[in-house]
Amino acid sequence: NEVASVLQQRIALNFRALCTTQGFTTMTIESLKSILSVDELLATENEIWTAAEKWIEVDAEHRTEYVVDIAKLMRFSTMKSVELSNFINKQRGKYKNLNDLFLESLLFSVDSSNKDIKYHTSDACLKKRGVVLT
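To keep things clear, this report deals only with the structure shown in the data block.

Cut-offs and rules
Residues numbered from 1 in each chain as written. Predicted model: local features only at pLDDT ≥ 70, side-chain atom pairs only at ≥ 80, totals over all residues. Heavy atoms only, no water. Helix = DSSP H or I, 4+ residues; strand = E, 2+ residues; numbered from the N terminus. Buried < 20%, exposed > 50% of the residue type's maximum accessible area, 1.4 Å probe, protein only. Contact = heavy atoms within 4.5 Å. Core = buried A, V, L, I, M, F, W, Y, C linked by side-chain atoms within 4.5 Å. Phe/Tyr/Trp six-rings, centres within 6.5 Å; stacked < 30°, edge-to-face > 60°. Salt bridge = Lys/Arg side-chain N within 4 Å of Asp/Glu carboxyl O.

1. Some details on the overall build of the chain
Part 1: Check the secondary structure of the chain and you find 10 helices and 2 strands.
Part 2: Going through the 134 residues of the chain one by one, you find that 32% of them count as buried.
Part 3: Within the chain, contacts between residues separated by at least 24 positions form 63% of all contacts whose residues are at least 6 apart in sequence.

Written as C-alpha cells, this is what we have:
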C-alpha cells in the first residue's frame, strides 16, 4: 500500500522526534511493535531500546510483560560487540526473561572478511524465536 509505505518512511525519518511526543508513550503495543519493526529507523539500537523503555515505564505494571516481544524486534546483530556487551551489562537483571534473548544475541557474529552474518546457535533455539534460516 502506497500510503503505508509513505507513513513508514516518515516514521523512519522522524523516529527521534516521534519518541518525544506524548502520543508515543500512549500508543498500543501493536503500534509500538509496528514502528519498531521498520528497518529504516534513523536511530541506533540503543536509542530504539531507550524509546521502548520509555514506553514501558509509563505503565510498567502492565507493560513489562511486553519486554521480550519488544526485545525480539531489536537488531542486536547490527551492534558492535562492545556496544552489545555494554548494553547487556546495563540491562542485566532489569527485566525477567531477557537473559536467553541476550545470550542468543551474543551468539550472532559477523565475519568481518565478507560481512556475512553467521548464526552460532541451535536450530531449536532459532525456531523458538521464530527465525527461519533458508
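2. A word on the environment of W49
Part 1: Position of W49 relative to the elements: it lies in helix α5 (residues 45-58).
Part 2: Looking at W49, the relative accessible area reads 1%, which means it is buried.
Part 3: Residues W49 and M74, spaced 25 residues apart in sequence, show a C-alpha to C-alpha distance of 7.5 Å.
Part 4: In this structure W49 touches V67, I70, A71, M74, F87, Q91, Y95 and L98, once residues within four positions along its chain are discounted.

3. A closer look at the nonpolar core
Part 1: If you look at the biggest cluster of nonpolar residues, it comprises 29 residues, and the most contacted ones within it are F15, L32, W49, W55 and I70.
Part 2: Every element with two or more residues in this core is listed here: α2 (15-19), α4 (29-36), α5, α7 (67-71) and α8 (81-91).
Part 3: At 6 residues, α5 tops the list of elements feeding residues into this core.

4. Observations regarding the packing of aromatic side chains
Part 1: As enumerated under the stated definition, the model contains 3 aromatic pairs in all.
Part 2: With centroids separated by 6.1 Å and ring planes inclined at 55 degrees, the aromatic side chains of W55 and Y66 adopt a geometry described as tilted. Remark: Y66 occurs in the loop between α6 (60-63) and α7 and W55 occurs in helix α5; sequence separation between them is 11 residues.
Part 3: Relative accessible area serves as the criterion here: at 1%, W55 is assigned to the buried category.
Part 4: Classification of Y66 as partly exposed rests on a relative accessible area of 24%.

5. Here's the deal with the pattern of salt bridges
Part 1: Throughout the structure, instances matching the rule amount to 3 salt bridges.
Part 2: Between E47 and R16 there is a salt bridge, and its shortest N-O distance comes to 2.8 Å. A residue pair is termed long-range when its members are at least 10 positions apart, and E47 in helix α5 and R16 in helix α2 qualify at 31 residues.
Part 3: Since its relative accessible area comes to 31%, E47 is described here as partly exposed.
Part 4: E53 is the partner of K94 in a salt bridge, and the nearest nitrogen-oxygen pair spans 2.9 Å. Of the two residues, K94 sits in the loop between α8 and α9 (99-107) while E53 sits in helix α5, which places them 41 residues apart along the sequence.

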